[in-house]
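# Descriptive structure summary
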Amino acid sequence: MFTIKREPTTPGEILQEEFLLELGISQRQLADHIACDVKVINRIVNNHTSVTAEMAIKLASALNTSPQFWLNAQQAVDIYKTMKKIKLFPRPIAKVS
């Protein structure tokens, strides 16, 4: 079993800090550019919704990244949250000789 030492950076925080602020664009401008509702971008930025495969493709195309970049960030957050919820992990299965 592995441990996660710190909470991962959310895709929303990455989107806001590394892309929207750096490019000087608003959530609405990004939403219009990728043809989605601004509410979707706002929910991602505010960590109220997850990045889907479709959104990962749109973000990757618009921001010159890969879909895997966005999905990996989302997966790291999902795993972290789930590990915090699980109280008792199953023990490893022993090899039968």
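A brief report on the enclosed structure follows.

Procedures and definitions
- Residues numbered from 1 in each chain as written.
- Predicted model: local features only at pLDDT ≥ 70, side-chain atom pairs only at ≥ 80, totals over all residues.
- Heavy atoms only, no water.
- Helix = DSSP H or I, 4+ residues; strand = E, 2+ residues; numbered from the N terminus.
- Rg over C-alpha atoms; globule rule 2.2 N^0.38 Å.
- Buried < 20%, exposed > 50% of the residue type's maximum accessible area, 1.4 Å probe, protein only.
- Contact = heavy atoms within 4.5 Å.
- Lys, Arg positive; Asp, Glu negative; His and termini not counted.
- Charge placed at Lys NZ, Arg CZ, Asp CG, Glu CD.
- Expected span 1.5 Å × (residues − 1).
- Patch = residues over 30% accessible without salt bridge, like charges linked within 9 Å, V, L, I, M, F, W, Y side chains within 5 Å.
- Areas by Shrake-Rupley, 256 points an atom, 1.4 Å probe, with all protein chains shown as cover.
- Salt bridge = Lys/Arg side-chain N within 4 Å of Asp/Glu carboxyl O.

### So, the overall build of the chain
In terms of regular secondary structure, the chain is built from five helices and zero strands. For the chain, the sequential pattern of α-helices and β-strands runs α-α-α-α-α. The C-alpha radius of gyration of the chain comes to 17 Å, more than 25% above the 13 Å expected for a compact globule of 97 residues. Summarising its shape, the C-alpha atoms of the chain cover approximately 60 × 25 × 20 Å along the three principal directions. In the chain, buried positions account for 31% of the 97 residues. For the chain, contacts bridging at least 24 residues in sequence account for 55% of all contacts bridging at least 6. Taking the average place of the 12 positive charges on the side chains of the chain and the average place of its 9 negative ones, the gap between the two points comes to 14 Å.

### A short note on helix H5 (residues 67–85)
For H5, which comprises 19 residues, the first-to-last C-alpha distance of 27 Å matches the rise-based estimate of 27 Å (1.5 Å per residue) to within 8%. Taken together, the buried positions of H5 are occupied by Trp-70, Ala-73, Gln-74, Val-77, Tyr-80 and Met-83. The elements touched by buried residues of H5 are helix H1 (11–23) and helix H4 (53–63).

### Observations concerning a negative patch on the surface
A grouping of Glu-13, Glu-17, Glu-18 and Glu-22 is seen on the molecular surface, where their side chains present a negatively charged patch. Within the secondary structure, Glu-22 is located in helix H1.

Limitation: the analysis is restricted to geometry and does not speak to function.
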